[in-house]
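A structural walkthrough
One letter stands for each residue in the lines below.
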Amino acid sequence: MLHYFLRRLAALVPVLFLISIFVFLFIHALPGDPARLLAGEAATQEEVESVRKALKLDRPLLTQYVDFLKNLATGDLGTSLRTGEPVSAMIARAFMPTFWLSVCALAWSLLFGLVAGVISAVRRGSPGDHAGMFLSVSGISMPNFWLGLLLMQFFSVNLGWVGTSGFDEPSDLILPSITLGAGVAAVMARFTRSAVIDVAREDFIRTARAKGLREKVVIWKHALRNALIPVVTMAGLQFGFLLGGSIVVEKVFRWPGLGSLLLDAINFRDYAVVQAEIMLFSLQFLLINLAVDMLYGFINPAIRYK
Amino acid sequence: MALASDTSPVVPKEKTARSPFSEFRRRFVTRRAALASGFFLLLMLAMALIAPWILPFGPDEFDYRNTLSGPSALHWAGTDEFGRDIFARILNGAKLSMFIGFLSVTIGAVIGVVAGLLAGYYGGWLDSIVMRISDVLFAFPGILLAIGIVAILGAGLTNVIIAVAVFSVPAFARIVRSGTLGLKETTYVEAARAAGAPNAIIMFRHILPGVLGAVIVYFTMRIGTSILTATSLSFIGLGVEPSVAEWGAMLSTGREYMLAGKWHLTFFPGLAIFLTVLCFNILGDGLRDALDPKLDDN
């Protein structure tokens, strides 16, 4: 198991390397000149050139890329073109708000989706099942920025229960994490339902019932455990969507997280920040996929890896 | 009763032969929700297309004496900060969103289907390359990939279409590849090969029809997702110009006035996105049930 884990971890390096090349090349193809942006509209051509020299943007692309990799290896993500602040410090500051937002969203949506999905599967065909599945399709189709605005309208503007934007106290987490998790909850409910229905047709479920186990034990222990493999895969995929979705939700709630940082950086052509952020988002996504693969082994002993 | 049925010979009910299409229609029509969704989408598209001739207001007509007014008999969804009729703007947005959705998914589907067919049929290094690229594309969550692409190419309608098309490609490639892997081992493909049919004919005439059902279902569902992504891009300021009558852009500017109590600026455009995407998803579900012979009727 450990051996497998290490091998998979090592396999991430070439993928990250590939992504770093893509990201670097793409970002340097961005329209707009950062040296011009920084020097200001009124600056003369000489002033722009001196800014370019100071930022080392005048050197060949390959040299810049090698520098970028060297710095990356030592944990130096460069300095922001806009604020002159180290990128690592900016990311460190924005990381925790996004982390809490994602964790809260994932926690409620997984739990809710799993339970709703199992109940729907057990009561298959009942009015409750139909209502639940309609809600689920609605959740999948709901633009999360609209949901966020509706919640804000009702709970912040009309009722005044929570603030409309920013992250100053824990209660500020409530509306953004509901918004961010809604789509995931909907997908998970739908997916768990069909996974449990599939498993319920298996012989071992009939055996479990035949030997007189209580229905609760049959469903929650035997059926759910075996339905969990596809469900965990789906949950891992959802985490990736959550990372992307958080950018939009952060914009709705003016959340001081990684998403807002990325959008600001894109608008200002802040290469260093965009580069670092996309690398970070990719790394997170790859690590989550790895974690999901490792989880399989724990859930189902039959597929422990050699 | 029981005795009677025991003694009478079992006569199977004669099944009338149905063509695949009439079978499809029978299954599809029984799913009323899907039918209603398809009807709603057609109705909205039709209204959007004839709007210029039936609505008293254009989507970009200013009326400074009548700004930010709520829904009324004259302005069904109210007016925005420039006094523009929101209902007219929503219909214009419908036209735009459907256009973006159809075009981007079509581009993504064509590239993905060809790549998937080639990868599945020839296998080997071609398969490795196609799957490796789609793995890398998959490593980026859709919206993140789209944001990255628009960040590189710049904001604007064309680039949004390209961004949304690119992130549709890997999914189509995977579906078609796995279908092709199964179909290329079938007897009829082997027979075609034995009869000397060229590879291109085998791929497009014999294998493609077999995977087309899955492609159509996915195509329909993907349009909903694409509309969501495109409106999200506009909402975060990376899509169309903020002044364009597009759903995401309308929500983005409406947010400012919502805090001042003007709910209708965000409510109606959002409702339009929601209903449109919902209908595409329900339609896709219905198509899947109708096209997938493995599923039971109940």
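Conventions we followed
- Counting of residues starts from 1 at the beginning of each chain's written sequence and follows it residue by residue.
- To read the labels, note that chains go from A and ligands from 1, taken in the order they are written.
- For a predicted model such as this one, the threshold for reporting local features is a pLDDT of at least 70, and the threshold for listing and counting side-chain atom pairs is 80 or more; totals across whole chains, interfaces and linings nevertheless cover every residue.
- Working from all heavy atoms in the structure, the side-chain values ignore hydrogens and water.
- UniProt positions are given in the numbering used here, feature names are shortened, and annotations may be inferred rather than shown by experiment.
- Strands here are runs of E lasting at least two residues and helices are runs of H or I lasting at least four, both read from the DSSP assignment and numbered beginning at the N terminus.
- Residues with no salt bridge and a relative accessible area higher than 30% make up the patches, which join like charges within 9 Å and nonpolar side chains (Val, Leu, Ile, Met, Phe, Trp, Tyr) within 5 Å.
- Accessible surface is estimated by sampling points in the Shrake-Rupley manner with a 1.4 Å probe; for residues, cover comes only from the protein chains shown.
- By definition, a salt bridge exists where a carboxyl oxygen of Asp or Glu is found within 4 Å of a side-chain nitrogen of Lys or Arg.
- In predicted models, pLDDT denotes the confidence assigned by the predictor to each residue on a 0 to 100 scale.

**Let's talk about the UniProt feature "transmembrane region" (unreviewed entry) in chain B**
Residues and elements named next belong to chain B. Mapped onto the present numbering, the UniProt feature "transmembrane region" (unreviewed entry) falls at residues 33-55, 99-124, 136-154, 197-221, 227-251 and 263-283. Each end of residues 33-55 is marked by a C-alpha atom, and these two atoms are 29 Å apart; helix forms 96% of the span and strand 0%. The span residues 197-221 is 92% helix and 0% strand, and its two end C-alpha atoms sit 34 Å from each other.

**Thoughts on a nonpolar patch on the surface**
Residue and element names in this part refer to chain A. On the surface, a cluster of nonpolar side chains totalling about 500 Å² of accessible area is made up of Leu2, Phe5, Leu6, Leu9, Leu283 and Leu287. Among the secondary structure elements, those contributing two or more residues to the nonpolar patch are helix 1 (2-28) and helix 12 (271-299). When residues in the nonpolar patch are grouped by element, the largest group, four residues, is from helix 1. As for its position among the elements, leucine 283 is in helix 12.

**Description of the UniProt feature "domain: ABC transmembrane type-1" (unreviewed entry) in chain A**
When the UniProt feature table is mapped onto this chain, "domain: ABC transmembrane type-1" (unreviewed entry) is found at residues 95-296 of chain A. The span residues 95-296 of chain A is 83% helix and 0% strand, and its two end C-alpha atoms sit 28 Å from each other.

**Things to note about the confidence of the model for chain A**
Per-residue confidence for chain A averages 83 on the pLDDT scale, and 96% of its residues sit at or above 70. Model confidence for chain A, summarised as mean pLDDT per element, is weakest for helix 2 (residues 34-39) of chain A at 72 and strongest for helix 5 (residues 87-122) of chain A at 90.

**Focus on the UniProt feature "transmembrane region" (unreviewed entry) in chain A**
All names here are of chain A. Per the UniProt record, the feature "transmembrane region" (unreviewed entry) sits at residues 9-30, 99-122, 134-161, 173-191, 227-249 and 278-299. What you have in residues 134-161 is 82% helix and 0% strand, and the ends, taken at the C-alpha atoms, are 29 Å apart. Its end C-alpha atoms 31 Å apart, residues 227-249 is made of 100% helix and 0% strand.

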